[in-house]
Amino acid sequence: MNQERILHELRQGASAWNQWRKKGAPATINLDGVELTAMDLSHYDLSKVSLRNATITHCVFKQADLIWANCDSSQLQHNDFSQAKLIATNLTRCDLSYSQLRLANLLTANTTNATLEHIDFRGQDISGLMLRDVSLAGSNLEGQQLARVDLTNTDLTGANLRGADLSGALLVGACLQDCDLQDANLTGAQCKSVNLAGVSLRGMDLNKVDFTNADLSNCDLREANLAKAKLINTQLSGAKLWNANMANWVINNIRCTHSFWDKSAKQKTTYRPHEFERIFAEAITIELRYPYRLADHELATLPIFIEHLAAVHWGTILRLKSISDVAGGALVKFVVEEVGSHNPTELKNQLQAEAERIQLAQLMLRNNTQLHFQLKEKVAAIREEFWPRLLELAVDHEHEQVRNLTILFMDLKGFSKWSDGELSEKLSLFRGLVKPILKKFAAGHPNMEGDSLRVTFKNATAGLSCACMIRNVLRAAGFELRIGVELGEVLVVHNEVTDIPDLEGVAVSMAARMEAAAEPGEVLVSQRVRHYAERSELFEFTPRRVPLKKSIGAIAQGEYIECFAVEAIKNLQETIS
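For clarity, every value in this text was computed on a predicted model and none was experimentally measured.

Thresholds applied
Residues numbered from 1 in each chain as written. Predicted model: local features only at pLDDT ≥ 70, side-chain atom pairs only at ≥ 80, totals over all residues. Heavy atoms only, no water. Salt bridge = Lys/Arg side-chain N within 4 Å of Asp/Glu carboxyl O. Helix = DSSP H or I, 4+ residues; strand = E, 2+ residues; numbered from the N terminus. Patch = residues over 30% accessible without salt bridge, like charges linked within 9 Å, V, L, I, M, F, W, Y side chains within 5 Å. Areas by Shrake-Rupley, 256 points an atom, 1.4 Å probe, with all protein chains shown as cover. Buried < 20%, exposed > 50% of the residue type's maximum accessible area, 1.4 Å probe, protein only. Phe/Tyr/Trp six-rings, centres within 6.5 Å; stacked < 30°, edge-to-face > 60°. Lys NZ or Arg CZ within 6 Å of the ring centre and 35° of its normal. Contact = heavy atoms within 4.5 Å. Pairing = 2+ DSSP bridges. Axes fitted to C-alpha atoms, helices over the stretch in contact; angles between N-to-C directions. Core = buried A, V, L, I, M, F, W, Y, C linked by side-chain atoms within 4.5 Å. Left-handed = near helix turned anticlockwise from the far one by under 90°. Nonpolar A, V, L, I, M, F, W, Y, C, P; charged D, E, K, R; others polar. Polar contact = N/O pair within 3.5 Å; in protein donor to acceptor, adjacent residues only side chain to side chain. Arc of directions from axis to C-beta. Expected span 1.5 Å × (residues − 1).

**Section: the pattern of salt bridges**
Argument step 1. Enumeration according to the criterion identifies 20 salt bridges in this entry.
Argument step 2. Among the salt bridges present, the one from Asp 32 reaches Arg 52, with a minimum N-O distance of 2.9 Å. Placement of Asp 32 in the loop between helix H2 (14–23) and strand E1 (35–37) and of Arg 52 in the loop between E1 and strand E2 (55–57) is noted, with a sequence separation of 20 residues between them.
Argument step 3. Between Glu 275 and Arg 272 there is a salt bridge; the shortest N-O distance is 3.8 Å.
Argument step 4. Linked by salt bridges that have partners in common, Arg 132, Asp 133 and Asp 150 make up one network.

Spelled out as structure tokens, the structure:
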């Protein structure tokens, strides 16, 4: 039957068409390429009708039957499919943009490569549709349950995804620019090569999300949980990162020219190439496994090993991190403390390859008896010549050294109001309580004058653990106090007046400024201290904004600084001991 005859029957109305379908219509109805506009096709039986490459717009299909209809590559924009049966309908490469699908039944419909833009899907369950390589730009997907759904290469530009469950979803290559993800769940989603430029992810749980090759430029990540998230080859320029949790995140080949760390995202911090990664990535670790055990000559040549690795990568600083027994042998770990101007990711691969090459030479020495004996003789000669001199120099080893230390300043409140009778007794109690705590956490460079205390620590975790314990113990004894903690470069100098080592540097001054700005009973720390200490998961950090009572560097008196109040969240006695 020709198409003109079919169209004639179609124009007779739903009742006549459906009657004709039952009695005189052919088994196969072909309307391929048909062009229809502004027709009311409500209640029509269009099941199994072929509508390939058709252009049907501004039509009404309310309660129409399109079961098994073939609409491959058709243009179906601006139509009303309310309550229509689209069960098993072939919508491959079909464009239904701006159509209404309220209460439409899309069960098992084929939407491969379809364009479903600017459609309100509220109340619809679309999780069973083929959504890979589909365009959902501008559509309303609020509250959709899309957990573990394949949205690879899907265009979600400007889509409303408020409250949507995208946990574990495959968003590889998807475009989410300008979309609304408020209250959405992205936990464990695969976001490789996803475009999230300029999108707000503020406060979202992004734990373990894979952002490899993703575009997160100008993305709002304030207060987001990025713990264990993977950011490899990720564009992060312009990101807002205030109070973001970056514990154990993995960052390699990050591209970040600038970012914003303040709450209002107005203070721009710029970075040179690879600088962001050098500051915020986990330290590069090189591992070497030795069969059986670590031989004496291998242990003796480790310093030369480290020196060689640093020499072939100019500007790097390495140290021996650990030597441990493992199944079948020993494990040696080196850590890179300074990556210089190198790309951290490339540096890790190059250092690992070079270390394995040198290790092979070390292992070959196990079978070279003559060379092994000569090495032992040389090491013994060095020991005999230099060890006595080294012991002589030990007493002066701190003079004029620049170190990266955590500095703690503490001051007792109300000291000036103590009477002469209680002053001596209270100071004696104060010092007696503090002394064993300082010893427990290996505090260095102690300086205690009257009611104040200044000490240093080798790392931020020990410093904050000590600060919290001092605060808790002294408060229990009836003392009120303030504590400030900073981390940075400190110059150890000889004080000619006291004849003991003293400390100089901006970090020392900033710790004192934060102590002065703290409320009674409060421990205030900088962003830098928080960054290094929060990885231990021992502390809870609350953002604070306080005015400086005294100028420091370019920050004038009265200006506000961003810092954090600290509380211990685990039993320090059990955790640190």
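**Digging into a nonpolar patch on the surface**
Argument step 1. The grouping of Leu 299, Leu 320 and Ile 323 at the surface amounts to a nonpolar patch, some 240 Å² of accessible area in total.
Argument step 2. Overall, Ile 323 belongs to the partly exposed group, its relative accessible area being 39%.

**Thoughts on the packing of aromatic side chains**
Argument step 1. All chains considered together, the criterion is met by 12 aromatic pairs.
Argument step 2. Centroid distance Phe 430 to Phe 479: 6.3 Å. Interplanar angle 55°. Geometry classified as tilted. Linking Phe 430 in helix H8 (residues 420–440) with Phe 479 in the loop between helix H9 (460–476) and strand E14 (480–494), this pair joins segments that are 49 residues apart in sequence.
Argument step 3. Chaining the aromatic ring pairs together yields one cluster made of Trp 249, Trp 261, Tyr 271, Phe 276 and Phe 280.
Argument step 4. In this structure, Lys 440 packs its charged tip against the face of Phe 441, placed 5.7 Å from the ring centre.

**Thoughts on the environment of Ala 189**
Argument step 1. As for its position among the elements, Ala 189 is in the loop between E2 and strand E3 (230–232).
Argument step 2. A C-alpha to C-alpha distance of 6.7 Å links Ala 189 and Leu 166, two positions 23 residues apart in sequence.
Argument step 3. Sequence-distant contacts of Ala 189, that is, excluding residues within four places in its chain, are made with Leu 166, Gly 168, Ala 169, Leu 171, Val 209 and Asp 210.

**Considerations on the sheet that holds strand E8 (residues 284–291)**
Argument step 1. Judged by pairing direction, the sheet is antiparallel, and its 3 strands sit side by side in the order E8-E10-E9 without closing on themselves. Both outer strands of the open sheet, E8 and strand E9 (317–326), are each paired with one neighbouring strand and no more. For this sheet the average axis-to-axis angle between neighbouring strands, irrespective of direction, equals 20°.
Argument step 2. As judged from the 9 bridges shared by E9 and strand E10 (residues 329–338), these two strands associate in the antiparallel manner. Paired with Ser 322 across the strands is Lys 333, a residue of E10.
Argument step 3. Its contacts with the sheet put helix H5 (residues 302–311) on E8, E9 and E10, and the angle it makes with E9 is roughly 135°.
Argument step 4. Its contacts with the sheet place helix H6 (residues 344–365) against E8, E9 and E10, and it is angled at close to 20° to E8.

**Considering the nonpolar core**
Argument step 1. If you look at the biggest cluster of nonpolar residues, it comprises 94 residues, and the most contacted ones within it are Leu 181, Phe 211 and Phe 276.
Argument step 2. Here Phe 276 is in contact with Leu 236, Leu 241, Trp 249, Ile 251, Ile 254, Cys 256, Ser 259, Trp 261, Tyr 271 and Ala 281, once residues within four sequence places are set aside.
Argument step 3. Leu 453, Ala 460, Leu 481 and Phe 539 belong to the second-largest nonpolar core, a separate cluster that totals 36 residues.

**Considering the packing of H5 against H6**
Argument step 1. Contact geometry for H5 and H6: axes closest at 11 Å, N-to-C directions at 145°. Considering the relative orientation of H5 and H6, their crossing is right-handed. Between H5 and H6, the residues in contact are Phe 305, His 308 and Leu 309 and Leu 351, Glu 354, Ala 355, Arg 357, Ile 358, Gln 359 and Gln 362, respectively.
Argument step 2. In terms of residue class, the contact of H5 with H6 is built from 5 nonpolar, 3 polar and 2 charged.

**Points about the side chain of Asn 18**
Argument step 1. By the element assignment, Asn 18 lies in helix H2.
Argument step 2. Of the polar contacts made by the side chain of Asn 18, one reaches the backbone oxygen of His 43; its length is 3.0 Å.
Argument step 3. Here Asp 45 takes part through its backbone nitrogen, which lies 2.8 Å from a polar atom of the side chain of Asn 18.
Argument step 4. Filtering out sequence-adjacent residues up to four positions away, Asn 18 remains in contact with His 43, Tyr 44 and Asp 45.

**Here we look at H2**
Argument step 1. Of the positions making up H2, those classed as buried are Ala 14, Trp 17, Asn 18, Trp 20 and Arg 21. An end-on view of H2 places all buried positions within 160° of arc, on one side of the element. Along H2, the residues that are exposed and aim more than 90 degrees away from the buried face are Ser 15, Lys 22 and Lys 23.
Argument step 2. Here the buried face of H2 lies against helix H1 (3–10).

**Section: helix H10 (residues 506–517)**
Quick reminder: α-helices carry 3.6 residues per turn. Residues three or four places apart thus point the same way.
Argument step 1. Under the 1.5 Å per step criterion, the end-to-end length of H10 is 16 Å for 12 residues, consistent within 8% with the ideal 16 Å.
Argument step 2. Here H10 has its buried residues at Ala 507, Val 508, Met 510, Ala 511, Arg 513, Met 514, Glu 515 and Ala 517.

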